[in-house]
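Coordinates in review
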Amino acid sequence: MIIILNFGSQFAHLIARRVRDLGVKAEILPFDAPISKIKEYNPVGIILSGGPASVLEKGSPRPDKKIFDLDIPILGICYGQQVIAQMLDGKVAKGKHREFGKEILKIKKSENIFKDLSPEEIVWFSHGDQISKLPRGFTTTASTPTCKYAGYENKKKNFYAIQFHPEVTHTKNGIKIISNFIFSICQAKKNWQIDSIAKKTISELKEKIGKDHIIVGISGGVDSLVAGTLLHKAVGEQLHAVFVDTGMLRKNEVEDVAKVLRKRKFDLHIVDAKELFLGRLKGITDPEQKRKIIGHTFIEVFEDTIKNKLKKYPIKYFAQGTIYPDRIESAEASKHASKIKSHHNLTLPEKFGFEIIEPIRDLYKDEVRKLGVVLNLPKELLWRHPFPGPGLAIRIVGEITLERLHILQEADAVFIEELKKAKEYEKIWQAFAVLLPLKTVGVMGDSRTYEYILALRAVDSVDGMSADWHKIPNELLEKISSSIVGKVRGVNRVLYDITQKPPATIEYE
């Protein structure tokens, strides 16, 4: 067991994911978890996460100092590195040069956490403060031109600290660093497998729900499908799937999803709520407001469906496909986390008449897909690109109108079709089109046009917590652009987004 103490980092759960990927159980606790609580888990190692605070600020988060007396290995990452220095009489100062993004790390010796790594490694930084003086007994293990103490250690005490983030995919050999810590230093044993999670989850759902009935919100995406399948295996006919047509779905989405679910014997109820959603969103441009309106309207539709269409069933529970990244970006994980955006399935009203069940709330996208394989779900559904719950509402920057929805649906369909024809779709983690609230002058058929700008987004990722832009071949980009402008009325300019996450998010709103 590895304990991760969460200082409010957007990546705290990603650290746990990396540990689990390596086959070791990980548990996340608040940074201020009492030492007695930590001891209950009998961990073989502790990782201190990053966080948005500065250790120089009054009242910034600190762990129980007794963790340094447990005689077990500790790894501090970013803010966690600075906490170790500050609490053990080292010094932290405001950096003269802030580091955000990829850097070349120079490693002094390829040993301990840097075992089997090269003298120079590509790593990913995100910090302003940095160590100015090491605590007594510690030595420097790595540096960059602008960060003298990018890594340090006290080998005798088994304390290790790094300023960069090994958990993000941008750090080329980050998983090796984590592996060195948990296996070579902590001597952890492998005890985490996805097939055991499936059996355990189904058993727990069956026991919890008993003879009651439950509804699940289905969106057509892999998360809600896997959550629904777990529930279906657990309680069968006691499960009622509700698919809400918000009017902001991909082209032909309703028909495609309905066909799949009915084939799998789901009790499916399709609710046409296009007018309700679009009416509520009229004139709304703020992204957070959009998400909250969509979230609360979803709940109203579900409540109405239960009251009218499903009133004969004793429904006690409401299930949804919330996963870890949803919770992290909505800052549910820690009171010290910085909220990136509200997810529609985490904006439930305080007075909601049903108990919430989230079967995959502790899993990441790739783990959800692995679970889907265990559940024998079709490959074409499991590897379909992720689609957000709020739908195209957060891919139309600014106000949502029927005209803009139609333009985006058509453009997105053309984009995906061209990617599939070129056999590029399978190489990409997520690809979609975004309609910007800007028009530019163009020339079509010797005539002046004044139409919208469309942005294309395609990213490579493992779990959505970090992402790099996908390098679509130039010839294919050119073909996609020509195809969209030629087939979709209302667009005369196509852009390609080449921003990583972070600093950007994958979706635009």
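Cut-offs applied
Residues numbered from 1 in each chain as written. Predicted model: local features only at pLDDT ≥ 70, side-chain atom pairs only at ≥ 80, totals over all residues. Heavy atoms only, no water. Helix = DSSP H or I, 4+ residues; strand = E, 2+ residues; numbered from the N terminus. Rg over C-alpha atoms; globule rule 2.2 N^0.38 Å. Buried < 20%, exposed > 50% of the residue type's maximum accessible area, 1.4 Å probe, protein only. Lys, Arg positive; Asp, Glu negative; His and termini not counted. Charge placed at Lys NZ, Arg CZ, Asp CG, Glu CD. Contact = heavy atoms within 4.5 Å. Polar contact = N/O pair within 3.5 Å; in protein donor to acceptor, adjacent residues only side chain to side chain. Pairing = 2+ DSSP bridges. Axes fitted to C-alpha atoms, helices over the stretch in contact; angles between N-to-C directions. Core = buried A, V, L, I, M, F, W, Y, C linked by side-chain atoms within 4.5 Å. Right-handed = clockwise from strand over helix to strand, strands pointing away. Parallel < 35°, antiparallel > 145°, perpendicular 65-115°, else oblique. Left-handed = near helix turned anticlockwise from the far one by under 90°. Nonpolar A, V, L, I, M, F, W, Y, C, P; charged D, E, K, R; others polar. pLDDT = per-residue confidence, 0-100. Expected span 1.5 Å × (residues − 1). Arc of directions from axis to C-beta.

When its secondary structure is counted, the protein chain shows 14 helices and 18 strands. Rg of the C-alpha trace for the protein chain: 24 Å, near the compact-globule value of 23 Å for 509 residues, within the 12% margin. In terms of overall dimensions, the protein chain has a C-alpha envelope of 70 × 65 × 40 Å along the principal axes. A burial count over the protein chain gives 59% of its 509 residues as buried. Across the protein chain, 79 positive and 64 negative side-chain charges occur, with their mean positions spaced 3 Å apart.

Attention now goes to the environment of Met 87. By the element assignment, Met 87 lies in helix α3 (residues 79–87). Remark: the alpha-carbon pair of Met 87 and Pro 135, spanning 48 residues in sequence, is separated by 8.8 Å. In this structure, Met 87 is in contact with Arg 62, Pro 63, Lys 65 and Phe 68, ignoring residues within four places of it in sequence.

The next subject is the side chain of Asp 468. Relative to the helices and strands, Asp 468 resides in strand β17 (residues 468–469). A distance of 3.3 Å separates the side chain of Asp 468 from the side chain of Gln 500, its partner in a polar contact. Other than its neighbours up to four places away in sequence, Asp 468 contacts Lys 102, His 170, Ala 458, Val 459, Asp 460 and Gln 500.

A few words on the sheet that holds strand β12 (residues 268–272). What the five strands build is an open sheet, ordered β12-β11-β10-β13-β14; its pairing is parallel. The open sheet terminates on both sides in strands that have one partner only, identified here as β12 and β14 (355–357). Going from strand to strand, the sheet's axes swing by 30° on average, the running direction of each strand aside. As paired elements, strand β11 (residues 239–245) and β12 share five bridges and run parallel to each other. Looking at β12, one finds that Asp 245 is bridged to Asp 272. Taken strand by strand, helix α5 (residues 194–209) contacts β10 (213–218), β13 (315–319) and β14, and its axis lies near 165° from that of β14.

Right, let's talk about the nonpolar core for a bit. If you look at the biggest cluster of nonpolar residues, it comprises 91 residues, and the most contacted ones within it are Val 226, Leu 419 and Ile 484. If near-sequence neighbours (up to four positions away) are discounted, Ile 484 is found in contact with Ala 411, Val 414, Phe 415, Leu 454, Leu 456, Val 491 and Val 494.

Moving on to the pairing of β10. For β10, a buried count of six out of six residues is recorded, marking the element as mostly surrounded by other parts of the structure. Residues His 213, Ile 215 and Gly 217 line one face of β10 and the alternating positions Ile 214, Val 216 and Ile 218 line the opposite face, and both faces are buried. In terms of strand pairing, β10 meets β13 through four bridges, oriented parallel. Within β13, the residue paired with His 213 across the bridge is Ile 315. Once the chain exits β10 it traverses helix α6 (residues 222–235) before rejoining the sheet at β11, and the crossover so formed is right-handed.

Right, let's talk about the pairing of strand β16 (residues 447–460) for a bit. When you tally the buried positions in β16, you get ten out of 14 residues, the bulk of the element. Alignment of strand β15 (residues 430–444) against β16, held across twelve bridges, turns out to be antiparallel. The residue of β16 that forms the bridge with Gln 430 is Val 459. Taken together, β15 and the strand that follows it, β16, pair antiparallel across an intervening segment of two residues, in which Gly 445 is found at a positive phi of about 60°. Here β16 runs beside strand β18 (residues 491–496); their pairing, made up of five bridges, is parallel. Paired with Tyr 452 across the bridge in β18 is Val 491. Examined bridge by bridge, β16 and β17 share two bridges and lie antiparallel to one another. The residue bridging Val 459 from the neighbouring strand is Trp 469, located in β17.

In this section: the environment of Gln 193. Within the secondary structure, Gln 193 is located in the loop between α4 (174–185) and α5. Since its relative accessible area comes to 54%, Gln 193 is described here as exposed. Sequence separation of Gln 193 and Gly 23 is 170 residues, and the distance between their C-alpha atoms is 6.6 Å.

Attention now goes to the packing of helix α1 (residues 12–21) against helix α11 (residues 365–374). Direction vectors running N to C along α1 and α11 enclose 40°, while the axes themselves pass 11 Å from each other. Comparing their axes, α11 and α1 come out oblique. Of the residues in α11, those in contact with Arg 17, Arg 20 and Asp 21 of α1 are Asp 366, Glu 367 and Lys 370.

With that settled, consider the packing of helix α8 (residues 274–281) against helix α9 (residues 287–308). In contact at an axis separation of 10 Å, α8 and α9 are set at 150° when each is read in the N-to-C sense. For the element pair α8 / α9, the angle class is roughly antiparallel. The crossing of α8 and α9 is right-handed. Along the contact surface, α8 presents Leu 276, Phe 277, Arg 280 and Leu 281, while α9 presents Lys 290, Ile 293, Ile 294, Thr 297, Phe 298, Glu 300 and Val 301. Taken together, the residues that form the contact of α8 with α9 break down as seven nonpolar, one polar and three charged.

Our focus in this paragraph is the confidence of the model for the protein chain. Predicted coordinates in areas of low pLDDT are best not read in detail. The share of residues in the protein chain with pLDDT of 70 or more is 93%, and the mean pLDDT across the chain is 89. Mean pLDDT across the secondary structure elements of the protein chain bottoms out at helix α10 (residues 324–329), with 64, and peaks at strand β3 (residues 45–48), with 98. The model gives residues 331–335 a pLDDT under 50, and that stretch makes eleven contacts with residues more than four places away or in other chains. Confidence over residues 340–349 falls short of pLDDT 50; this stretch has 46 contacts with residues more than four positions distant or in other chains.

To continue, consider α9. Along its 22 residues, α9 runs 32 Å from first to last C-alpha, staying within 8% of the 32 Å computed at 1.5 Å per residue. Along α9, the positions that sit buried rather than exposed are Lys 290, Arg 291, Ile 293, Ile 294, Gly 295, Thr 297, Phe 298, Ile 299, Val 301, Phe 302, Thr 305 and Ile 306. Considering only its buried residues, α9 is in contact with β10, β11, β12, α8 and β13. N-capping of α9 is provided by Asp 286, with a side-chain oxygen placed 3.2 Å from the backbone N of Glu 288.

Our next topic: helix α14 (residues 474–487). The end-to-end C-alpha distance of α14 is 20 Å, a good match for the 20 Å that 14 residues give at a rise of 1.5 Å each. Taken residue by residue, α14 has Leu 476, Leu 477, Ile 480, Ser 483 and Ile 484 as its buried positions. On an axial view of α14, the arc spanned by its buried residues comes to 130°, and they lie on one face. Exposed side of α14, more than 90 degrees from the buried face: Asn 474, Glu 475, Glu 478 and Gly 486 are the residues found there.

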